[in-house]
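Geometric and topological summary
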Amino acid sequence: MIKRLVFTDLDGTLLDHDTYEFEQAMPAIERLKDEGVPLIFNSSKTFAEMQELMAALGLGPSPTIAENGAGVFLPKAQFERSSAGWLDRGDYWLVTQSESRQHWLDLIHAFPRDELSIQTFDALGAQGVAELTGLSVPAARLACQREFSEPTSLQGSAQAIAAFVDFIKSHGGQVQQGGRFNTVSGDCDKGRSMRWLADFIAQTEGCQVNTLALGDAPNDLSMLNTADTAVWIRSAHRSIPAAVSNGGFVVTTRPGPQAWCDAVINWLMADN
Ligand SMILES: [Mg+2]
């Protein structure tokens, strides 16, 4: 048996980059529901944000990958705890090896600010995050409920930014470029957590898996490289990286949720 799985980025992919709307994606979401294909969010967003979005889309509990691969959340209703290391998060198990958000905040604060301005979500607060992102204040509050990583806005020369990135790396972390922010986290990525989850589902259910992944930013490349079918959602805000042109990915002609919808339906209709 082959089980199909869809892994998707959110901002600029399933959600419009500027308005966060998803209405145009609904026909494909309905088809995924009808055909029983899990839609697995794999985003830099927090678990709290993604739970709210799942409810808005009318989706039931589903495995979810939060904060750029730092945490994998598995619904207790679908998965039995298979390791004592899994953490209890209400209706979900949390599988993670990441350091805490505070660990990264302490490190960010230890970096000299003479030549680089660093804005963190922690310092901005929900109000500041709302102003910078266009999110509503309640939505920004969910975005601030982080467990493993800290989005930063960096203002300075390319050299100063590179020095910051090197500093974080030298302390075992990384800085990943998303649609709006550079997120500081431990050594994790969307691709490795997707691979772990796809393999875990295959093993638990005794099946093979066929995966589709969709994304629009450099922090999606590890996920796209892991998928059987990879779709790069064109962005009005950035050019297509060479890794996409060379990677054999499908590249959409349009941006955002309409392109997402068409790509998912094409994949469902193909002989996978
Ligand atoms: Mg994105």
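Computed from a prediction, not measured in an experiment: that's the story for all the values here.

What follows deals with the packing of helix α1 (residues 26-35) against helix α10 (residues 256-269). It is the contact of α1 with α10, at a shortest axis distance of 8 Å, that shows an interaxial angle of 30 degrees. By the angle between their directions, the pair α1 and α10 is classed as roughly parallel. Where α1 abuts α10, its residues Pro-27, Ala-28, Arg-31, Leu-32 and Glu-35 lie against Trp-260, Cys-261, Val-264, Ile-265 and Leu-268. In the contact of α1 with α10, the residues fall into eight nonpolar, no polar and two charged.

This next bit is on the domain arrangement of the protein chain. According to the domain assignment, the protein chain consists of domain 1 (2-97 + 189-269) and domain 2 (101-185). Just the C-alpha atoms count here: the centres of domain 1 and domain 2 sit 23 Å apart. On the domain 2 side, the residues contacting the 19 residues of domain 1 number 14 residues. Residue composition of the side of domain 1 that touches domain 2, grouped by class: four nonpolar, eight polar and seven charged.

So, about the nonpolar core. Phe-7, Ala-213, Leu-224 and Trp-260 are the most contacted members of the largest nonpolar core, which has 49 residues in total. Considering every element that reaches this core, the biggest residue donor is α10, with six residues. With residues near it in sequence (within four places) discarded, Phe-7 still touches Ile-40, Asn-42, Met-194, Thr-211, Ala-213, Met-223 and Ala-227. Residues Trp-104, Phe-164, Ile-168 and Val-175 belong to the second largest nonpolar core, which totals seven residues.

The strand order across the open sheet built from four strands is β3-β4-β6-β5, with neighbouring strands paired in antiparallel fashion. With one partner strand each, in any of the chains shown, β3 (64-66) and β5 (87-89) form the two edges of the open sheet. This sheet shows a mean twist of 30 degrees between the axes of neighbouring strands, independent of strand direction. Of the strand pairs in this sheet, β5 and strand β6 (residues 92-96) are connected by three bridges, and their pairing is antiparallel. If you follow Arg-89 over to β6, its bridge partner there is Tyr-92. Lying over the sheet, helix α2 (residues 47-56) contacts β3 and β4 (71-75), oriented at roughly 145 degrees with respect to β3.

In this section: unusual backbone geometry. When glycine is set aside, most residues are seen to have a negative phi, and most peptide bonds are trans. One non-glycine residue, Tyr-20, lies in positive phi territory at about 65 degrees. By the secondary structure assignment, Tyr-20 is in the loop between β1 (2-8) and α1. For Tyr-20, a count of 18 C-beta atoms within 10 Å puts it in the partly exposed group. Phi at Glu-67 is positive, roughly 50 degrees, even though this residue is not glycine. Along the chain, Glu-67 turns up in the loop between β3 and β4.

The next thing to look at is the pairing of strand β8 (residues 150-156). Bridge analysis of strand β7 (residues 116-120) against β8 gives five bridges, and the strand direction is antiparallel. By the bridge assignment, Leu-116 is partnered in β8 with Gly-156. As judged from the three bridges shared by β8 and strand β10 (residues 182-185), these two strands associate in the antiparallel manner. What sits directly across from Thr-152, in β10, is Asn-182.

With that settled, the discussion passes to the sheet that holds β7. Judged by pairing direction, the sheet is antiparallel, and its four strands sit side by side in the order β7-β8-β10-β9 without closing on themselves. At either margin of the open sheet sits one strand with a lone partner, and together these are β7 and β9 (174-177). Taken pair by pair, the neighbouring strands of this sheet meet at an average axis angle of 35 degrees, ignoring direction. Both β9 and β10 contribute to a ladder of four bridges, which runs antiparallel. Pairing of Gln-177 across the sheet is with Asn-182, part of β10. Its contacts with the sheet put helix α3 (residues 101-109) on β7, β8 and β10, and the angle it makes with β8 is roughly 15 degrees.

Calculation notes
Residues numbered from 1 in each chain as written. Predicted model: local features only at pLDDT ≥ 70, side-chain atom pairs only at ≥ 80, totals over all residues. Axes fitted to C-alpha atoms, helices over the stretch in contact; angles between N-to-C directions. Helix = DSSP H or I, 4+ residues; strand = E, 2+ residues; numbered from the N terminus. Parallel < 35°, antiparallel > 145°, perpendicular 65-115°, else oblique. Contact = placed C-beta atoms within 7 Å. Nonpolar A, V, L, I, M, F, W, Y, C, P; charged D, E, K, R; others polar. Domains from an automatic or database assignment. Core = buried A, V, L, I, M, F, W, Y, C linked by C-beta atoms within 7 Å. Buried ≥ 20, exposed ≤ 12 C-beta atoms within 10 Å, placed from the backbone. Pairing = 2+ DSSP bridges.

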